[in-house]
Every structure is written in structure tokens, then in C-alpha cells.
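Read off the chains here:
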Amino acid sequence: MVRYGLFISSQHAPTENFAAKIRDHVEQVATARDCGFDSVFFAQHFLANPYAFLHPLALLARLAGEGRGMVFGTGVLILPLYHPVELAEHVATLDAICDGKLVLGVGMGYRDEEFAAFGLRKRERVSRFEESLAVMTKLWTEESVTFRGQHFQLDNVTTRTRPVQKPHPPIWIGAKTDAAVERAARLGDAWVMTPSDELQDLDRQMKLYCAARVAAGKSPDTEIGMIVETYVAPHRKTALGEAEPYLRNKYSAYALWKRRSGEHVDDYYNMDRLITERFILGDPEDCVKAITELHARLGVNHFLFRMQWPGMAQAKVLRTIQLIGRAVIPAVKSLAAR
């Protein structure tokens, strides 16, 4: 079964009225719910200059009531920046708010600025990530927790604030490198693909992911999420013309973040490649074709459509949500039923 999610873009220009933007997000969730979407997901960055980023956990708590029956998830939290005791109780509370329909999506982060601001060493992010998952899982499932790690030490502690879902909410892990993909298979319940990786790399990594799950004693059948930059208009030319300027601005900021972290990004953020090969920009028929091909090629079965970028008008976002709900989702279901 293929599922469809609204990926809330809570990244805005700092001059925006944030209260008004939250009202926009409320309307987006309600529209997605009425149009047959299955889920709502939220991303995270701290210190997201030149943009502002509304905190996903607070925003999720506000919007969950607008989408009763839908799955709500983080896609993804930067796990090494949190203390696992605090996050474990926060997640348990959110799972109750979501009536037991929360997905905890986590990743390791990559920006030097974020780690430095929290007084953490980025080179320790893998060990912090793995320890945090271990601590949270123990807190959710064990009566008394003692943990001796490099970063966290707990002595006979107990939390009564536990998730509705048993043993805990599904853990989705965002991963880009081979090592991270294998870690996602070993430690998580699902892998979340990013919107900019080469398809040929994802082909290869899907094989790694499935093999690593089998090696860990897990079924190779799993949920595969993919964040997709998506914009749908009645005509392909309209979609490209309206979306491209916003996407170029957004990805120029991403490229700057990567360069500040010492990464080479000229090929990775080649916008001509991304627009033609990775983003879904076009009319409903183009969208149906792209979804069908990604499902067949990579096994993606949970599409997370990000369809708003800083500065984009609400009316255009709502139009894309409605076109996906009314023209795309039914068409994909019809093709699958043949």
C-alpha cells in the first residue's frame, strides 16, 4: 500500500508573521485531511539563517488536533542535540496527543553551527545518536533503567510517562551515506530518503538497507519514506515557472550550510539535475508518473510531499494539496488496482 503525507515546511522568512504562518499550516493540514492524505510530517533545524524554522514538536502538538486519524511524524529531529530523558517524555506526550499515531523520525544532523551552539562535538554525533535511541527505548519499555554510556549515565531511573503505542512509536531514520543507511536498517523501523540524492545511489543503497535488515533479523519488507519536493499545477509549464524560483532560493541556502560544514556541493545541489530528475514539478499526470516510477524502482511506499518554500503564497500551496488529493492519489490507486 502506498501512503501520502504532507511535509509541512515550517521554514519561513524572518520578516513573516509567525502567528499567521501557523494559521496557514492549520489550513494546510485540514485541507490535506479532507483530500485523503495519510500523514503530516515536520522537519527541523536550529539557527536556520537566513530563514526562521518553527520548532517541529511545538507545531506538531498544535496541528495534531486538525488532522484526527492521520499519522503525525518528525522528519527528522536532530537526535544528538537532545537529552534522551527529556525527549523520551516529550515523545510519549505527543503520542498521546496524536491518539497513538506518532512516528518518531530522527537523524544525526550535519551543520557545525548547530552542534557548536549546543556545546557538542559533531564528531561524536554517531555515538550520541545510538546511545540516545538505546536510552529512550529502555525508558519506554523497562521498569527501572540503568545505563552507562560515553555520553549518558542513568542510575535506576523510572519514567511513568510512556507512549500509547507499544512498545513505542515507530522509529524512522533519515540516512544519506552507506553507513547511515545500514544503521537505519539495524536500529530503526523505516528509512527516510532525502529529496536530493541520485537515484542510482538510492538503488544501490536500497540493496544495502534490505541486506542489513536481514542481517539484523528483521524482515526486508518495511516502510520506505521519501521526502519529495513537489509542486503540481493544472499545466506543467505553470508548475515549473511558479516553483523554480522558490526552490532555487531554498537550495542556495542549503548549499551555503553545506559549504560552511566543509562539504563540496557543486554537483550535489545542481538545480538543473534536481528539477528534471528528483523533484516532482508538473501537472497531475506528471505527478502520477513520478510516484509510480519511484514506487516501482525503489519501493517507496510513503511519499512525503513538501510543497511550500519560503515566500510562497498560501493559495498555491493549497492548490497543490487539492490537486494531489483529487487528481493524483485516485489515479495512482486506480493504476495499482489494474
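In case you missed it, the structure is sitting above this.
Presented here is a report on the structure given in the accompanying data block.

Definitions and limits used
- In every chain, residue numbers begin from 1 and rise along the written sequence.
- For this predicted model, a pLDDT threshold of at least 70 governs which residues receive local features, and a threshold of 80 or more governs which side-chain atom pairs are given and counted, while totals over whole chains, interfaces and linings are taken from all residues.
- The side-chain quantities take in all heavy atoms of the structure and omit both hydrogens and water.
- In what follows, salt bridge is the name for a side-chain nitrogen of Lys or Arg lying within 4 Å of a carboxyl oxygen of Asp or Glu.
- Numbering goes from the N terminus for both helices and strands, where a helix is a DSSP run of H or I of at least four residues and a strand is a run of E of at least two.
- Burial classes follow relative accessibility: with a 1.4 Å probe on protein chains only, a residue under 20% of its type's maximum area counts as buried, one over 50% as exposed, and anything between as partly exposed.
- Should DSSP find at least two bridges between two strands, the strands are regarded as paired.
- The criterion for an aromatic pair is that two Phe, Tyr or Trp rings (for Trp, the six-membered ring) have centres within 6.5 Å, with stacked assigned to planes under 30 degrees apart, edge-to-face to planes over 60 apart and tilted to the rest.

Points about the pattern of salt bridges
Between side chains of opposite charge, pairing is possible as soon as their charged atoms come close. In this structure the tally under the stated criterion is 23 salt bridges. Put simply, arginine 111 and glutamate 114 hold a salt bridge, and the shortest N to O gap is 3.5 Å. Residues arginine 297 and aspartate 203 are paired through a salt bridge, measuring 2.6 Å at the closest nitrogen-oxygen approach. Linking arginine 297 in helix α10 (residues 284-298) with aspartate 203 in helix α7 (residues 199-215), this pair joins segments that are 94 residues apart in sequence. For arginine 297, a relative accessible area of 45% puts it in the partly exposed group. Because the salt bridges share partners, they merge into one network encompassing Glu130, Arg183 and Arg186.

A look at the pairing of strand β12 (residues 223-232)
Most of β12 sits inside the fold, with nine of its ten residues counted as buried. Across four bridges, strand β11 (residues 190-193) lies against β12 in parallel orientation. Bridge pairing in β12 places methionine 193 opposite methionine 226. Pairing of β12 with strand β14 (residues 302-306), which is carried by five bridges, proceeds in the parallel orientation. By the bridge assignment, isoleucine 227 is partnered in β14 with leucine 304. For β12 and strand β13 (residues 280-282), the ladder comprises three bridges, and the chain directions are parallel. Each bridged residue has a counterpart across the sheet, and for tyrosine 231 the counterpart in β13 is leucine 281.

Observations concerning the packing of aromatic side chains
Across all of its chains, the model carries nine aromatic pairs by this definition. Arranged with centres 6.4 Å apart and planes meeting at 20°, the rings of phenylalanine 42 and phenylalanine 72 form a pair that is stacked. With phenylalanine 42 in strand β3 (residues 39-42) and phenylalanine 72 in strand β5 (residues 71-74), this residue pair connects regions lying 30 residues apart in the sequence. One exposure class covers both phenylalanine 42 and phenylalanine 72, and it is buried. Between the aromatic rings of tyrosine 231 and tryptophan 309, the centroid separation amounts to 6.2 Å while the plane-to-plane angle is 50°, which identifies the pairing as tilted. Here tryptophan 309 lies in the loop between β14 and α11 (314-337) and tyrosine 231 lies in strand β12, a separation of 78 residues in the sequence. By relative accessible area, tyrosine 231 is classed as buried at 0%. The class of tryptophan 309 is buried, set by a relative accessible area of 0%. One aromatic cluster is present, formed by Tyr4, Phe37, Phe303 and Phe305 through successive ring pairs.

Shape is all these values report; function is a separate question.
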